[in-house]
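# Summary of structural features
These are the residues of each chain, in order.
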Amino acid sequence: MKKVNRRQNMNFANGNSQLFENSYVNEMDEGSQSNMSFPLSEKSTQRTRPPKDFVCPITSQIFSDPVTLETGQTYERKAIQEWIKRGNTTCPITRQPLSAVALPKTNYVLKRLITSWKEQHPDIAQEFSYSETPRNSSSISPSYGIPEISPPSKSYDEYVNNLNSRRFNRATVSTSPTSVISQATLETVINDLKPHIECLCNSEDLKECETAVLTIAKTWKDSNAESAIHCCLSTPTIVNGFVEILSASLNREVIRTSIYILSELISAEGSVGETLTSVDSDFDCLASLLKNGLSEAAVLIYQLRPSFAQLLAHEFISSLVQIISNKHENKSDLQLIMEPKEAAIALLEEILMGGDENCKYINAMGVISANGIPALIKCMDRVEGRHSIVSVLLCCIKADRSCRNVIATRIDLPLVLELFHGGNDGLRGICVEFLSEIVQLNRRTICNKVLQRIKEEGAFSTMHAFLVYLQMAPMEQQLLIATLLLQLDLLVEPRKMSIYREEAIEALIEGLRRKDFLNFQIMASDALISLSGRLTSSGKSYNEELLLKIAGFDQPYNTVMKEEKLILHETESKETMEEDEKAAKSWEKRVAFVLCNHEKGSIFKVLEECLKSDSLEMAKSCLVLSTWLVHMLSRLPETGVRNAARKSLLDQFINVLLSSRNLEEKILATLALKSFIKDQGALEELGVYAKGIYKVLRKLKRNSVVVTDILKALMNLPSVNAMELWSCSEVVELGSCTNGEVLCLLHLNGRVLSSHADGTIKVWDAGKRVLRFIQEVREHTKAVTCLYVSSSGDKLYSGSLDKTIRVWTVKQEEIYCVQVHDVKEPVYHLIADPNVACFSSQGSGIKVYNWSGVPKHINFNKYVKCLAMSDNTLYCGCSGYSIQEVDLCKHTSSSFYSGAKKLLGKQTIYSLHIQGGLLFAGGSSVDGTAGKVFSISTKGVTGSLSTGFDIQCIAVSNDFLFTGTKCGTIEVWLKERVTRIAAIKMGGGGHTRITSLVLDANGDMLFAGSSDGKIQAWALE
């Protein structure tokens, strides 16, 4: 065979003109529906040829494996197999339908005759023997093993109809050969084309074939695409010739022309497309052209309607995005049925809409990584394919929610709204889903601007159109359109009446009522939660995490915010973020107000039923929604709906608190209950459950700060017997008799430090409700009378009768003495920080020591028995039952409280404690009162501790007071009401004096030191 001196060779099947003419004329007779006949060309040679019956009419070669069909015609087996494989169902010669699926057996009689003839005519037999000459094609892409899943059907005919006006006028197929040009002219045109078509199909000269393609295209165009010429060009043999050109030619004009002709043939006759798709190498050739930058190939590929698996296997995404991104399209006299960009957009949609969710995600991320979003947005001004662009952008948002910010700020929203107004229900649904997605932004100020654009831009009233669509939308679309409509209405302060708002809220509440459609119920609840506007950059609501943070459980919120900070731009100014938070709070109030006040709080009754759902997901979603609404009620003006909320939801929150095993659900319930305690009626109702919920609430104290307020409210209810609620259990008793009396206890970061009469300091691990010994140090030579820790918690100060104050560094497991200060006097009581130390000694008044030099003496003629400090003011409990106030800046003293002296005995204040602006003082029992509670700001007495026992020491928690006495009894008092509710007896009998009391950080453990050297601990219930 001849070789063409080019980078690619064309290997056309050998054949003579007689074969082409026979096939051509037969097909013309069938396809043109005319009585035209054209003279066959002369024989190419007059020399001896093999008998006609020995030659295949398709290949023009002597039979190698002849098969005789049911029509009586005989063909080479491989040739007729290829014919059938291309989708043909008729006999090539007779055009009669073929009913048999499988080919018959070899015609051995004919084969033996041919063998005998070959032996007699070896020279002729050698020249006309059959040889298989495969056509060159682009290399086939490897299989990816992806199942063939057809994407949603796309109406190609719709593109044809929409774009007909842009194509050159093409005559329709007519039964009359004179419909466009005269019979004679048509015969002349076709006869003129025959040599070029012969060349296209049979020549091995690439240049000749390329010239033939250009000539055929020009002739066909000049004839206004006459149907008879179309029928002529639609035969499989000629179609294959054009495909060969696509595979072999390097001339872009020729390739574009071939694509144009094939595109026109396919648009008028679907069987041409079937011919192309029947051989994988044909599609591979087009795929290769597309990847090499030939944008017109996208049109032909789209017309072939490939399967999703074919599109996916060739990895078209980056090539399609490149076509869409091209600013300048190639101009040509041959105008395709649709623009390459439109075809690329349509193919991109088919790729993204096909396959499972994981496949959709991967393909959408491919579009995003190829920078396809900006290019798609720029193409929105094209009417054709606009809905495909919206679909693709929607897929991208679902794959990577963070890209919605770019889309929301750049897209021309009136074009989307125009699509909504003019589209069918399916297209409207896509537009609604798209608009719903782009308003789920994490920046409230930007979100409001996008909503304002949706509301104001466009040729029609958007809100009215949305309202009309809400009435007729399918169930799955109602929630989206209702949420969108409500947000548009809330761009302004809620008016007394708004039909848009009322209809939108009613649709959302109706969604909660749909018990028969669980998924729809969950979607309705989630939609209502998202309306709060607390969204991450991915559009996910973090309302639950924010509510947990408000309740004091920070971990989930911190996790979300940590992820958000990695996404947010560091360039955002503090002022911008503050403005956005202000807008977010305002929006949140608007949404909560209209939801709570709709139909006098009807949403609460619906939520009551939803919280009883058997679905854990539904119940959890509604718990978050209910908690948010009830929490917001406490921040909204009273409109009379709080009572409705209490009647419907209070019992449900209590049930969650008692029955749920989920910590976060319990915390949400406590936040909701906290909102109810301001309502006296709700508080009284809550008091009925006090005994049942008290222990549960105590266990939640470590996780929720609002629990303290609930416990305090319950304890102080007149209807609640506090003695029935409070209880404790002893968990440990340790003896340290060898170290003498326990003089002071201190709790620090899960450890207890004790000082003793023999000068030792011990460190204990107080975790897990036990005391585990860690360290014992004995730097002091005499009794360590007092311990004090700095506010930072890293420094410990100790005072001793050895006339020194020592400074210790606090480590994880041990303490180390780093400084020793000789103050020349015994230290009985001590308060210190890095700047100053205040201590009392044997004489009256106090000493102020600035860690160098000689301590300054502030004398007020009173013996100081205890100290407490707030800011720069020192409070001294003194003999004579008085309290002195010392200004450490001015070094002056004044009387804070002066008690009445009794004629018999000495009255003294032994203990002071400051917490929450109150000063708690305990001492000698005078007229049945051993202690008082003062307001530091007013110096007035707010309560009295009525007991006959002298108070030696005091410990204070958020809810209770604990007072230690000389007789080994610890009395328990309600802090708010200053009422005694219980007593704890320390081991050792009535002669044991309690020397020190301390609580852990959460108020769950009480530690006591005694005069007989014991340390005891109780778990407080």
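For the structure given in this document, a descriptive report is provided here. The model shown is predicted, which means the values in this text are computed figures rather than measured ones.

## Section: the pattern of salt bridges
- Per the counting criterion, the structure on display carries 37 salt bridges.
- The residue Asp 580 makes a salt bridge to Arg 443 at a minimum N-O spacing of 3.3 Å. Placement of Asp 580 in helix 30 (residues 574-597) and of Arg 443 in the loop between helix 22 (425-438) and helix 23 (444-456) is noted, with a sequence separation of 137 residues between them.
- With relative accessibility at 6%, the residue Asp 580 sits in the buried group.
- Through salt bridges with shared partners, one network takes in Lys 515, Lys 605, Glu 608, Glu 609 and Lys 612.

## A short note on the packing of helix 36 (residues 690-699) against helix 37 (residues 706-715)
- Interaxial distance between helix 36 and helix 37 falls to 10 Å at its minimum, and their mutual angle equals 150°. Looking at the two axes, helix 36 sits roughly antiparallel to helix 37. In the crossing of helix 36 with helix 37, the sense of the turn from one axis to the other is left-handed. In this structure, helix 36 uses Ala 690, Ile 693, Tyr 694, Leu 697 and Arg 698 to contact helix 37, whose residues at the interface are Val 707, Ile 710, Leu 711, Leu 714 and Met 715.

## Focus on the state of the cysteines
- Applying the stated criterion across every chain, the model contains 0 disulfides.
- Among the cysteines around Cys 786, which has no disulfide bond, Cys 744 carries the closest sulfur, lying 6.9 Å off.
- When its relative accessible area of 6% is taken as the criterion, Cys 786 is described as buried.

## Quick look at the packing of helix 27 (residues 518-530) against helix 32 (residues 616-633)
- Interhelical geometry of helix 27 versus helix 32 gives an angle of 25° and a closest axis separation of 9 Å. Taken together, the axis directions place helix 27 and helix 32 in an arrangement best described as roughly parallel. Relative to helix 32, helix 27 is oriented so that their crossing is left-handed. Counted together, Leu 518, Gln 521, Ile 522, Ser 525, Asp 526, Leu 528 and Ile 529 of helix 27 and Glu 617, Met 618, Ser 621, Cys 622, Val 624, Leu 625 and Trp 628 of helix 32 form the full contact between these two elements.

## Considerations on the sheet that holds strand 11 (residues 815-822)
- With antiparallel pairing, the 4 strands of this open sheet are ordered in space as 8-9-10-11. Looking at strand neighbours, the two that pair on one side only are strand 8 (784-789) and strand 11, the edges of this open sheet. Between one strand and the next, the sheet's axes are offset by a mean angle of 25°, whatever the strand orientation.
- Pairing analysis gives 5 bridges linking strand 9 (residues 795-800) to strand 10 (residues 804-810), with the strands arranged antiparallel. Its bridge partner being in strand 10, Leu 796 is matched across the sheet by Trp 808.

What counts and how
Residues numbered from 1 in each chain as written. Predicted model: local features only at pLDDT ≥ 70, side-chain atom pairs only at ≥ 80, totals over all residues. Heavy atoms only, no water. Salt bridge = Lys/Arg side-chain N within 4 Å of Asp/Glu carboxyl O. Helix = DSSP H or I, 4+ residues; strand = E, 2+ residues; numbered from the N terminus. Buried < 20%, exposed > 50% of the residue type's maximum accessible area, 1.4 Å probe, protein only. Axes fitted to C-alpha atoms, helices over the stretch in contact; angles between N-to-C directions. Parallel < 35°, antiparallel > 145°, perpendicular 65-115°, else oblique. Left-handed = near helix turned anticlockwise from the far one by under 90°. Contact = heavy atoms within 4.5 Å. Disulfide = S-S within 2.5 Å. Pairing = 2+ DSSP bridges.

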